[in-house]
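Structural characterization, general
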Amino acid sequence: MAILKVAKLGSPVLRVLADPVEAIRDPEIQRLIDDMIETMRDSHSVALAAPQVHRSLQIVTISPIHDERPARSLALPPIVLINPRVVREGDRTEEDWEGCPSTPGLHGKVPRFTALEVPAYDRQGQSLTLKASHFLARVIQHETDHLVGKLFLDRMKDLGTLTFQGELERYWLSSSG
Ligand code: NI
């Protein structure tokens, strides 16, 4: 496995539609998935989309840290979604902070739908439908946006909460606990 270079804001690969994966079990695709998981862990990212490692393909990896029981989440494998679609359940949205390894140090509040159904394929090529709400739904919307050339900055209502890491901790998170 290898740690891959992460594409940063300004890289054209972050702004184009990613291609669907056709041969999911192809060894090259399997290696890419393993490398994405290792890169995600190395950068302490919640999740990663293939365009962020300069591969314009519809692959998303998500850390199991969304699980509310930390002891159990350590044993959970990462979620791998291939060719995912996002079907929202209802119109409810909520706003919360997001950041992204492709825009290091930047954070902002982003409105997202609170509940989704996500038809996709797993890394064995089996079709699945993931149900997701709140934080996991947010992560999936952020990552699937990467597959259509969108960044969280594009989804902010305005840039009023756009904040560097240090200022986030100093001004936005400290008072609210
Ligand atoms: Ni991102």
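Residues numbered from 1 in each chain as written. Predicted model: local features only at pLDDT ≥ 70, side-chain atom pairs only at ≥ 80, totals over all residues. Heavy atoms only, no water.

Quick word on the sheet that holds strand 5 (residues 93–99)
Pairing in this open sheet of three strands is antiparallel, and the strands run 5-6-9 from one edge to the other. At either end of the open sheet lies a strand with only one pairing partner, and these are strand 5 and strand 9 (163–164). Pairing between strand 5 and strand 6 (residues 106–113): seven bridges, direction antiparallel. What sits directly across from G99, in strand 6, is H107. Each of strand 5 and strand 6 is contacted by helix 3 (residues 134–146), which is oriented at about 65 degrees to strand 5, the strand it contacts most. (Pairing = 2+ DSSP bridges. Helix = DSSP H or I, 4+ residues; strand = E, 2+ residues; numbered from the N terminus. Contact = heavy atoms within 4.5 Å. Axes fitted to C-alpha atoms, helices over the stretch in contact; angles between N-to-C directions.)

Focus: the coordination of the nickel ion
Distances from the nickel ion to its protein donors, namely C100 (SG), H142 (NE2) and H146 (NE2), fall within the range 2.1 to 2.2 Å. Mapped onto the sequence, the residues coordinating the nickel ion show the spacing C-x41-H-x3-H. Of this pair, C100 sits in the loop between strand 5 and strand 6 while H146 sits in helix 3, and the two are 46 residues apart along the sequence. The residues C100 and H146 share a single accessibility class, namely buried. (Donors = N, O, S within 2.8 Å, 3.2 Å for Na, K, Ca; no water. Buried < 20%, exposed > 50% of the residue type's maximum accessible area, 1.4 Å probe, protein only.)

Side note on the pairing of strand 8 (residues 127–133)
Relative to strand 8, strand 7 (residues 115–121) runs antiparallel, the two being bridged by seven bridges. The partner of E117 across the bridge, within strand 8, is K131. Hairpin connection of strand 7 to strand 8: five residues between the antiparallel strands, including G125 at a positive phi of 90 degrees.

Some details on the pattern of salt bridges
A complete count under the given rule lists eleven salt bridges for this structure. Across the pair D154 and R15 runs a salt bridge whose closest N-O atoms are separated by 2.6 Å. In this pair, D154 sits in helix 4 (residues 152–155) while R15 sits in the segment before helix 1 (27–42), placing the two residues 139 residues apart along the sequence. Using a relative accessible area of 35% as the deciding quantity, one classes D154 as partly exposed. (Salt bridge = Lys/Arg side-chain N within 4 Å of Asp/Glu carboxyl O.)

Quick look at the layout of surface pockets
In this structure, the largest pocket spans a volume of roughly 380 Å³. As for the largest pocket, its lining consists of 19 residues, of which S45, V46, G99, C100 and P101 are closest to the centre. Listed by contribution, the elements that provide at least two residues to the lining of the largest pocket are strand 5, strand 6 and helix 3. The element best represented in the lining of the largest pocket is helix 3, accounting for five residues. (1 Å grid on protein atoms, 1.4 Å probe; cavity = no way out; pocket = protein on both sides within 12 Å on 5 of 7 lines; lining within 4 Å. Points joined across faces, edges and corners; volume = space filled by probe spheres on them.)

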